[in-house]
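# Structural overview
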Amino acid sequence: MAEDSDQERTEEPSGRRLEEARKKGQVPRSMELTTFATLMVGILMIFMQGSELYRMLAETLQTSFSFKRELLENPKTALELFVASMQAAIMAILPILGATALAGIITPLLIGGWLFTFESLTPNFARMNPLSGIGRMLSVRSLVEMIKTILKSGLIGGVATYVLWIEREQFIALLTMPPDSSFLYLWEMIRFTLLSVVGAMAVIVLIDVPYQIWDYYKGLRMTKEEVRQESKDSEGDPHVKGRIRQLQREAARKRMMSEIPKADVVVTNPTHYAVALRYTENMRAPQVVAKGSFLLAERIIDIARENKVAVIRTPPFARALYHHADLGSEIPAALYTAAAEVLAYIYQLRLYHRYGGVEPQLNDELPVPQELDPEAPSD
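Below is a short write-up of the structure. (Residues numbered from 1 in each chain as written. Predicted model: local features only at pLDDT ≥ 70, side-chain atom pairs only at ≥ 80, totals over all residues. Heavy atoms only, no water.)

Glancing now at the overall build of the protein chain. Secondary structure assignment for the protein chain yields 15 helices and four strands. Each of the 379 residues in the protein chain was classed as buried or not, and the buried ones make up 29%. When the accessible surface of the protein chain is summed, it comes to about 25400 Å², and 61% of that surface belongs to carbon and sulfur atoms. (Helix = DSSP H or I, 4+ residues; strand = E, 2+ residues; numbered from the N terminus. Buried < 20%, exposed > 50% of the residue type's maximum accessible area, 1.4 Å probe, protein only. Areas by Shrake-Rupley, 256 points an atom, 1.4 Å probe, with all protein chains shown as cover.)

Put into C-alpha cells, the structure is as follows:
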C-alpha cells in the first residue's frame, strides 16, 4: 500500500519541475482567451474606425463601379484604378488587422508568460506511434476538449441564433429602406449581434482559463518518490552528505588540536569542559583556539600538558567560555576582566618558574557574570 501511494501523483510540482517543463515549451495556454481577446480588439477597432472605414470603402466602391468613358479607351487606366482601390481598401482595414494580430501575440503571455524555445521543434518520434495517438484520442483530456467544443459551439451558436431571431422583422424591413438608411440600420444590428457573441465567449473564457491553469499544474504533479529523487539530485544523497560532514568535523578537529600547543592557557571545569585561549599583542582580545566537553575536553587537557601549556581549574569561567565563545573567535566583552586576571596569573607563573620568588595565586572568584554561567545559582 505504501508503494502504491508513493507512485500516485499527489505532490505539487517543484520549481525545478516547472522550469524543466518551461524549457520544453510547456506553459499554460488558453486558446479561448486568445480568440476572445482578438475578436474583442477587432470589434473595438471596427467601432472606433467604423465611420472612417465606411467612408473609405464607400468611395472605393463608388470609384470602382462608376462608368467612365476613358476606361474603355485605355485599359491601363482601369488596372491603375483597380490597384488604387485595393490599396485604399487595404489601408482602411490595416489598423484593424494590426491591432488584432498584436492582441493575438500579447494575450497568451497573460497566463503563460514569454517563452522562446526550439524544444517544441525537435522531432519526437514517439508521437508518430499509432497506439500513442489512439491513446491521446481516447484520453480524458480529449474528452474534455470535445465537450468544451460542443458547449462552446452550442452557446455561441445559440446566442447568435437568438439575436437573429428577435431581429428577424427588422431584417425584412431592410428590404423597403433606402440604401443609406438600411446600411446604417444593418450595421447597428451587426454590432449588437457581435457584442452578444463576445459576451457569450467571455463566459467561456472565465471557465476555460482557470481550467487550463489547473490542468497544467495537475499534469506536472509528482509522485513522492520523484520528490525524494529530485531532493537527492539537487541536495545530494543524505548518506554522502553525512559522510562529508563527518570528514569535515574530523578535519576541523585536527586543525583545532594542532592549535592547542600555541595556546597560552587551557581553562577547565575540570573535566566536563576545556577551553584553550591564546592572546598576542596584535589581538584586541583573547581568542578561543580549541574547546570541547567530556572526552574531547580530556584530550585537549592531555595535549596541553604534553606541550607544557598551563592548565588551570576555573569552573565558572570555563563554562561561560564554552557556552558563549565561538571557536576561532574572540571571547565576549563581558569576560574580558576574568580573562585578564587569568592571563596575568599565567605570565606571573612563568616568571615564577623562571626566576623564583613568591608563587602567584589565582583569584578563586573570577568576575564571571551569572547570566553567562549556565550552572550559576539563581538568586
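It is worth spelling out the sheet that holds strand S1 (residues 265-268) at this point. Read from one edge to the other, the open sheet built from four strands follows the order S3-S2-S1-S4, with strand pairing classed as mixed. Both outer strands of the open sheet, strand S3 (287-293) and strand S4 (310-313), are each paired with one neighbouring strand and no more. Averaged over neighbouring strand pairs, the angle between their axes works out to 20° when direction is ignored. Along the sheet, helix H13 (residues 295-306) contacts S1, strand S2 (273-278), S3 and S4; its crossing angle with S3, the most-contacted strand, is approximately 130°. Against the sheet, helix H14 (residues 315-324) touches S1, S2, S3 and S4, its axis set at about 80° to S2. (Pairing = 2+ DSSP bridges. Axes fitted to C-alpha atoms, helices over the stretch in contact; angles between N-to-C directions. Contact = heavy atoms within 4.5 Å.)

This next bit is on unusual backbone geometry. A positive phi is found at Phe294, a non-glycine position, where the angle reads about 55°. Positive phi, close to 60°, is recorded for Lys308, a residue that is not glycine. Considering the arrangement of structural elements, one finds Lys308 in the loop between H13 and S4. Since its relative accessible area comes to 76%, Lys308 is described here as exposed.

Here we take up a nonpolar patch on the surface. Nonpolar side chains collect at one region of the surface, where Leu143, Met146, Ile147, Ile150 and Leu151 lie side by side and expose about 500 Å² of accessible area between them. By secondary structure assignment, the location of Leu143 is in helix H8 (residues 140-166). A relative accessible area of 45% means that Leu143 is categorised as partly exposed. (Patch = residues over 30% accessible without salt bridge, like charges linked within 9 Å, V, L, I, M, F, W, Y side chains within 5 Å. Salt bridge = Lys/Arg side-chain N within 4 Å of Asp/Glu carboxyl O.)

Take the packing of aromatic side chains next. Overall, the coordinates contain three aromatic pairs when judged by the stated rule. Note on Tyr211 and Trp214: the rings are 6.1 Å apart at their centroids and 35° apart in plane angle, and the pair reads as tilted. One end of the pair is Tyr211 and the other is Trp214, both in helix H10 (residues 179-219) and three residues apart, which spans about a single turn. You can call Trp214 partly exposed: its relative accessible area is 45%. Between Tyr216 and Tyr217 the ring centres are 5.2 Å apart and the planes differ by 80°, which places this aromatic pair in the edge-to-face class. Taking the relative accessible area as the measure of exposure, Tyr216 reaches 14% and is therefore buried. (Phe/Tyr/Trp six-rings, centres within 6.5 Å; stacked < 30°, edge-to-face > 60°.)

Glancing now at the layout of surface pockets. Estimated volume of the second largest pocket: approximately 320 Å³. Along its surface, the second largest pocket is lined by 15 residues, and Thr314, Pro315, Pro316, Asp364 and Leu366 are the ones closest to its centre. Of all the secondary-structure elements, those providing two or more residues to the lining of the second largest pocket are S4 and H14. Among the elements that line the lining of the second largest pocket, the one with the most residues is H14, at three residues. The residue inventory of the lining of the second largest pocket, partitioned by class, reads nine nonpolar, two polar and four charged. (1 Å grid on protein atoms, 1.4 Å probe; cavity = no way out; pocket = protein on both sides within 12 Å on 5 of 7 lines; lining within 4 Å. Points joined across faces, edges and corners; volume = space filled by probe spheres on them. Nonpolar A, V, L, I, M, F, W, Y, C, P; charged D, E, K, R; others polar.)

This part takes up the pattern of salt bridges. Per the stated rule, a full pass over the model turns up six salt bridges. As a salt-bridge pair, Arg17 and Glu226 come within 3.6 Å of each other at their nearest N and O atoms. Of this pair, Arg17 sits in helix H2 (residues 15-23) while Glu226 sits in helix H11 (residues 224-235), and the two are 209 residues apart along the sequence. Given a relative accessible area of 25%, Glu226 falls into the partly exposed group. Put simply, Glu259 and Lys262 hold a salt bridge, and the shortest N to O gap is 3.7 Å. What makes Lys262 partly exposed here is its relative accessible area of 48%. Connected via shared salt-bridge partners are Glu259, Lys262 and Arg278.

Turning next to the nonpolar core. Formed by 24 residues in total, the largest nonpolar core has its most connected members in Val267, Phe317, Leu321 and Val342. Elements represented by at least two residues in this core include exactly S1, S2, H14 and helix H15 (336-355). In terms of nonpolar packing, the next biggest core, distinct from the first, is built from 15 residues, Met257, Ala274, Val289 and Ile303 among them. (Core = buried A, V, L, I, M, F, W, Y, C linked by side-chain atoms within 4.5 Å.)

Among the six residues of S2, six are classified as buried, and the element is accordingly described as predominantly covered. With burial as the criterion, each face of S2 is covered, one bearing Tyr273, Val275 and Leu277 and the other bearing Ala274, Ala276 and Arg278. Of the pairings in the sheet, the one linking S1 to S2 comprises four bridges and is antiparallel in character. Of the residues in S2, the one forming a bridge with Val266 is Ala276. The hairpin formed by S1 and S2 contains four residues between the paired strands. Note that S2 and S3 share six bridges and pair antiparallel. Looking at S3, one finds that Ala276 is bridged to Ala290.

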